[in-house]
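# A look at the structure
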Protein chains: 2
Amino acid sequence: MEELRTFVLYDIVEDKTRASIADVCLDFGLVRVQYSAFAGMLNRNKREELFLRLRDTLGDEVGKILVQPVCEKDVVQMLLHENDKPPEEDV
Amino acid sequence: MEELRTFVLYDIVEDKTRASIADVCLDFGLVRVQYSAFAGMLNRNKREELFLRLRDTLGDEVGKILVQPVCEKDVVQMLLHENDKPPEEDV
């Protein structure tokens, strides 16, 4: 089954639940790309399994979870810019 | 030129700059989909113009900006779950 780069974005109010959501993403082999966003390669079954796990983890709490697959043709069009922390402040 | 649903994700440390980044996204007709994520239809030229504006807006400050187009075939595979605030707390 074809694997697609999959983005998981979330807004979760509760810190503990937000941390649990991140743990689920890590369990599925995703890597953190932003403070509240993960990405990694998943096939359709794994995406749906992940989505159900994330929904269960959120439970009744306030929040939003978005799982978006992106095909290779689109991934190569990604535009990315990052300014790191200056090294002297990175302590 | 083909328009694709385009996601803008960002991590910006400074509140004022983060607000300016959101304003640029709104200027380009995007809508907020998460606390630090916008989405909307843009063609390739507009995506690149937006990316340059966002990069200029960030300037030398610490932060990360990701602009990711997603074709229709992938958009229909998006999985989305949201729990709203209970109405009695929404004051």
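Residues numbered from 1 in each chain as written. Chains lettered and ligands numbered in written order. Predicted model: local features only at pLDDT ≥ 70, side-chain atom pairs only at ≥ 80, totals over all residues. Heavy atoms only, no water.

Before going further, it helps to examine the confidence of the model for chain A. The predicted model of chain A averages 93 in pLDDT, with 95% of residues at 70 or higher. Here the predicted complex scores 0.90 on pTM and 0.89 on ipTM. (pLDDT = per-residue confidence, 0-100.)

It is worth spelling out empty space enclosed by the protein at this point. If you walk through the whole model with that rule in mind, you get 1 cavity of 30 Å³ or more. Lining the largest cavity are A:Phe7, A:Leu9, A:Leu66, A:Gln68, A:Val70, B:Phe7, B:Leu9, B:Leu66, B:Gln68 and B:Val70. In terms of residue class, the lining of the largest cavity is made up of 8 nonpolar, 2 polar and no charged. (1 Å grid on protein atoms, 1.4 Å probe; cavity = no way out; pocket = protein on both sides within 12 Å on 5 of 7 lines; lining within 4 Å. Points joined across faces, edges and corners; volume = space filled by probe spheres on them. Nonpolar A, V, L, I, M, F, W, Y, C, P; charged D, E, K, R; others polar.)

In screw terms, the move from chain A to chain B is a rotation of 180 degrees and a rise of 0.0 Å along the axis, fitting with an RMSD of 0.0 Å. Read as a symmetry element, the transformation amounts to a two-fold axis. No C-alpha of chain A approaches the rotation axis more nearly than that of A:Val70, which lies at 3.0 Å. Most of the interface of chain A is mirrored in chain B, where 100% of its interface residues again form contacts. (Least-squares fit on C-alpha atoms with pLDDT ≥ 70 in both. Contact = heavy atoms within 4.5 Å.)

Roughly 510 Å³ of volume is contained in the largest pocket. Along the walls of the largest pocket sit 27 residues, with A:Gln34, A:Tyr35, A:Ser36, B:Tyr10 and B:Asp11 positioned nearest its centre. Residue assignment for the lining of the largest pocket shows that the elements contributing at least two residues are strand S1 (4-12), strand S2 (31-34) and strand S5 (79-83) of chain A together with strand S1 (4-12) and strand S4 (63-70) of chain B. Across the lining of the largest pocket, the residue classes break down as 13 nonpolar, 6 polar and 8 charged. Roughly 200 Å³ of volume is contained in the second largest pocket. If you go around the second largest pocket, the residues you meet are A:Asp11, A:Val13, A:Val62, A:Gly63, A:Lys64, B:Val33, B:Gln34, B:Tyr35, B:Glu82, B:Asn83, B:Asp84 and B:Lys85. At the level of secondary structure, the elements contributing two or more residues to the lining of the second largest pocket comprise strand S4 (63-70) of chain A together with strand S2 (31-34) and strand S5 (79-83) of chain B. In terms of residue class, the lining of the second largest pocket is made up of 4 nonpolar, 3 polar and 5 charged. (Helix = DSSP H or I, 4+ residues; strand = E, 2+ residues; numbered from the N terminus.)

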